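# Observations on chain architecture
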Amino acid sequence: MTDQKAKALHGRSKQNEADLQILLFKFAEKLAEIPQQQWQELTSKDEIQPILFSLNEMRQQVLDKLSSAQEELIDDLAVEGYHSWMSLYTTLIRRMQIPFEQDGKVELYSVERLDRVFSSPDRQEREQAFIRYTEAFRGEEEVFANILNNMTGFRLKMYKHRGWNSVLQESLGLNRMSQPTLEAMWAAVTRSRENFSRYFKRKAELLGLDKMSWFDVHTSVGSSSSVLPFTDGVNFILERFRGFSPLMAEFAVKAFDEKWVETEDRPNKSPVGFHAGYPLIKQSRIFKAYYGTAHNVATLAHELGHAYHQSLINEMPPLAQKYGLNLAETASILSESLVMNGLIQQEMSRDEQIALLDAKIKMSAEYFFNVYTCYLFEKSLYAERVAGPLSPQRLSELMVEAQKAAYGDVYEVYNPYFWASKFHLYITRHSFFNFPYTFGFLFSTGIYAQSMEAGREFEHTYANLLRESASMTVEQLAAKHLGVDLQKVEFWENAVKLVTADIDQFLGITEDGR
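Read on for a plain summary of the structure.

The rules we used
Residues numbered from 1 in each chain as written. Predicted model: local features only at pLDDT ≥ 70, side-chain atom pairs only at ≥ 80, totals over all residues. Heavy atoms only, no water. Helix = DSSP H or I, 4+ residues; strand = E, 2+ residues; numbered from the N terminus. Buried < 20%, exposed > 50% of the residue type's maximum accessible area, 1.4 Å probe, protein only. Contact = heavy atoms within 4.5 Å. Areas by Shrake-Rupley, 256 points an atom, 1.4 Å probe, with all protein chains shown as cover. Lys, Arg positive; Asp, Glu negative; His and termini not counted. Charge placed at Lys NZ, Arg CZ, Asp CG, Glu CD. Pairing = 2+ DSSP bridges. Axes fitted to C-alpha atoms, helices over the stretch in contact; angles between N-to-C directions. Parallel < 35°, antiparallel > 145°, perpendicular 65-115°, else oblique. Nonpolar A, V, L, I, M, F, W, Y, C, P; charged D, E, K, R; others polar. Polar contact = N/O pair within 3.5 Å; in protein donor to acceptor, adjacent residues only side chain to side chain. Phe/Tyr/Trp six-rings, centres within 6.5 Å; stacked < 30°, edge-to-face > 60°. Lys NZ or Arg CZ within 6 Å of the ring centre and 35° of its normal. Patch = residues over 30% accessible without salt bridge, like charges linked within 9 Å, V, L, I, M, F, W, Y side chains within 5 Å. Salt bridge = Lys/Arg side-chain N within 4 Å of Asp/Glu carboxyl O. Expected span 1.5 Å × (residues − 1).

## Overview of the overall build of the protein chain
- Helices and strands together make up the secondary structure of the protein chain, namely 22 helices and five strands.
- With the C-alpha coordinates of the protein chain rotated into their principal frame, the extents come out at 75 × 55 × 45 Å.
- When burial is assessed residue by residue, the protein chain has 53% of its 514 residues classed as buried.
- Sequence separation of 24 or more characterises 75% of the internal contacts of the protein chain that already satisfy a separation of 6 or more.
- A total accessible area of about 24300 Å² is found for the protein chain, and carbon and sulfur atoms account for 51% of it.
- Computed over 55 positive and 68 negative side-chain charges, the separation of the two mean positions in the protein chain equals 2 Å.

Written as structure tokens, this is what we have:
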């Protein structure tokens, strides 16, 4: 995290990425110039079929965007302008120092360190952390509001000049999904709210509260102190993968044997794990500190899921390898869930089982209602930003309204400054960055539900689905490989049932001895 050379290289990579987008758009313009009859003749050739979807998509993008000269100007100016807002936000967040008293001693905490206090079993600590957090972000609210308003305003101007009528067009296009699919997914999520309300109510009881507040949700009930040594953790992942797909387990063995996985826990190593794919040499690299808790083991499986997906997509031509974030998260979350489910199913104490179920349900609530909060907030933000910049007070009002609409009446105290602290709202890659995570979570859950009915042969269905994840829309992909219609709420509701089954188990096991 202190490597200045790496930061400089990251800046260069951003410029390279912008240059590549310009070249690809110029290529797309050349494709669009081909007369329709010649295009049909060209695309009827067998060797074109694997990349036909991408070529058609590129031709369509030319119609959806401005001329290459104008798009090149946007990309060039964005590197030093638009994308700089995200860089500024990141710099400010890292520089924030928040006074916090612990054990009678006041220290200056980073935002990241203070976030960890919200998992503390001591409610007074959590509440004090929330008060200090609120004061700190209130002190910087004008700056953060300025950044968010400028980013939002830039997008709205760009969308206007392109003739786009929906602020969701960019994100839906990048994720190759339709508005009806998104609405069907959110319909299933909102219908699950009553079940989650039962979980939040029981958790409040277990914490000795009449009602939880926002700063209580991350604390744990039950206790799990079990730590798996590295070899045991790896073997457990392989066992769970093998039960779902021997092909996936075989790949994971290769990743460990060939030392693609870097797990040393050392000072100044970023706590954020990630996967990087290298399609030209058909390899991956996984970066993750290993310390053996249940969540840590599951996160390592998450990154291996990304790598397995990459290994399959490497078999496709380069123009059929770029899949959306929603499908990227599908493979990783499914792998993570396989391991988390296995940990819960092991013989363990009641306290440990409660702790793991609580952790899993908390994660589900994040994918459902935390993401839905961001989605509702962004919709309101764009609707009002058309008329001009929003004040910090108005942004806080919109955020609380979104939290209440997403979660329902489960909190006594909500978080008005979530708009200032939620990093995903400041990512300039595209707007509405969060909903693909909910898609990946629920889509992977629906896939897992089908696998339990289909048996061992399903591993080939799953592999083929991942292999073609950049070759069609998500609706076409699901119809071809799963036989389901993603624009209908039924698929999503079936996935939600598996999620709410965890709540039923949690309520059952915590019924006695509350």
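Next, the rest of the story.
## A look at the sheet that holds strand β3 (residues 261-262)
- Ordered by their spatial adjacency, three strands build an open sheet running β3-β5-β4, and the pairing between neighbours is mixed. Each end of this open sheet is capped by a strand with a single partner; those strands are β3 and β4 (274-278).
- As paired elements, β3 and strand β5 (residues 283-287) share two bridges and run parallel to each other. The partner of V261 across the bridge, within β5, is I286.

## Some points on the packing of helix α10 (residues 179-191) against helix α19 (residues 435-454)
- In the contact formed by α10 and α19, the axes pass within 11 Å of each other and the chain directions differ by 70°. Looking at the two axes, α10 sits roughly perpendicular to α19. Contacts between α10 and α19 pair T181, L182, M185, W186 and V189 from the former with F435, T438, F439 and L442 from the latter.
- For the contact of α10 with α19, the per-class residue count stands at seven nonpolar, two polar and no charged.

## Digging into the pairing of strand β2 (residues 105-109)
- Strand direction decides the pairing type here: strand β1 (residues 98-102) and β2, joined by five bridges, are antiparallel. By the bridge assignment for β2, P99 is matched with L108.

## What about the pairing of β4?
- Both β4 and β5 contribute to a ladder of five bridges, which runs antiparallel. In the strand pairing of β5, G277 is matched with S284.
- Counted along the chain from β4 to the antiparallel partner β5, the turn is four residues long, and its residue K282 has a positive phi close to 55°.

## Let's talk about the side chain of H306
- Considering the arrangement of structural elements, one finds H306 in helix α14 (residues 294-313).
- Among the polar contacts made by the side chain of H306, one reaches the main-chain carbonyl oxygen of A328 at a distance of 3.3 Å.
- Excluding residues within four positions of it along the chain, H306 makes contact with H275, A328, E329 and S332.

## Considerations on the packing of aromatic side chains
- Applying the stated rule across the entire model yields 45 aromatic pairs.
- The interplanar angle of 25° and the centroid separation of 6.5 Å between the aromatic rings of Y308 and Y462 together place this pair among those described as stacked. Taken together, the positions of Y308 in helix α14 and Y462 in helix α20 (residues 458-467) put the pair 154 residues apart, joining distant regions of the chain. Accessibility assignment for this pair places Y308 and Y462 in one class, buried.
- Positioned over the ring face of Y109 is R113, at 3.7 Å from the centre of the ring.
- Of note, K269 hangs over the ring of F287, and the distance from its end group to the ring centre comes to 4.7 Å.

## Some details on the environment of Q310
- Relative to the helices and strands, Q310 resides in helix α14.
- Assessed through its relative accessible area of 10%, Q310 is described here as buried.
- The sequence separation of Q310 and I34 amounts to 276 residues, and the corresponding C-alpha distance is 32 Å.
- Beyond its immediate sequence surroundings of up to four residues, Q310 is in contact with H275, G277, P279, S284, Q321 and Y323.

## Thoughts on the packing of helix α12 (residues 230-244) against helix α15 (residues 325-345)
- At a minimum axis distance of 9 Å, the contact between α12 and α15 shows a crossing angle of 110°. The angle between the axes of α12 and α15 places the two elements in the roughly perpendicular class. Every residue of α15 that contacts α12 at F236, I237, R240, F241 and F244 is listed here: L334, S335, L338, V339, N341, G342, L343 and Q345.
- Partitioned by chemical class, the residues of the contact of α12 with α15 number eight nonpolar, four polar and one charged.

## Section: the environment of Y448
- You can see Y448 is positioned in helix α19.
- Distance from Y448 to G342, taken between C-alpha atoms, is 13 Å for residues 106 residues apart in sequence.
- Among residues more than four places away in sequence, those in contact with Y448 are R240, F244, L334, L338, N341 and L498.

## Re a nonpolar patch on the surface
- Taken together, the side chains of Y278, L280 and I281 present a nonpolar region at the surface, about 380 Å² in accessible area.
- By secondary structure assignment, the location of I281 is in the loop between β4 and β5.

## Some thoughts on helix α1 (residues 4-32)
- With 29 residues, α1 ought to run about 42 Å at 1.5 Å a step, and its terminal C-alpha atoms sit 43 Å apart, in line with that.
- Three or more residues of α1 are buried, namely A18, I22, F25, A28, E29 and L31.
- In this structure, the buried side of α1 is in contact with α2 (36-43), α3 (52-64) and α4 (68-80).
- The N-capping residue of α1, defined by a side-chain oxygen 3.0 Å from the backbone nitrogen of K5, is D3.

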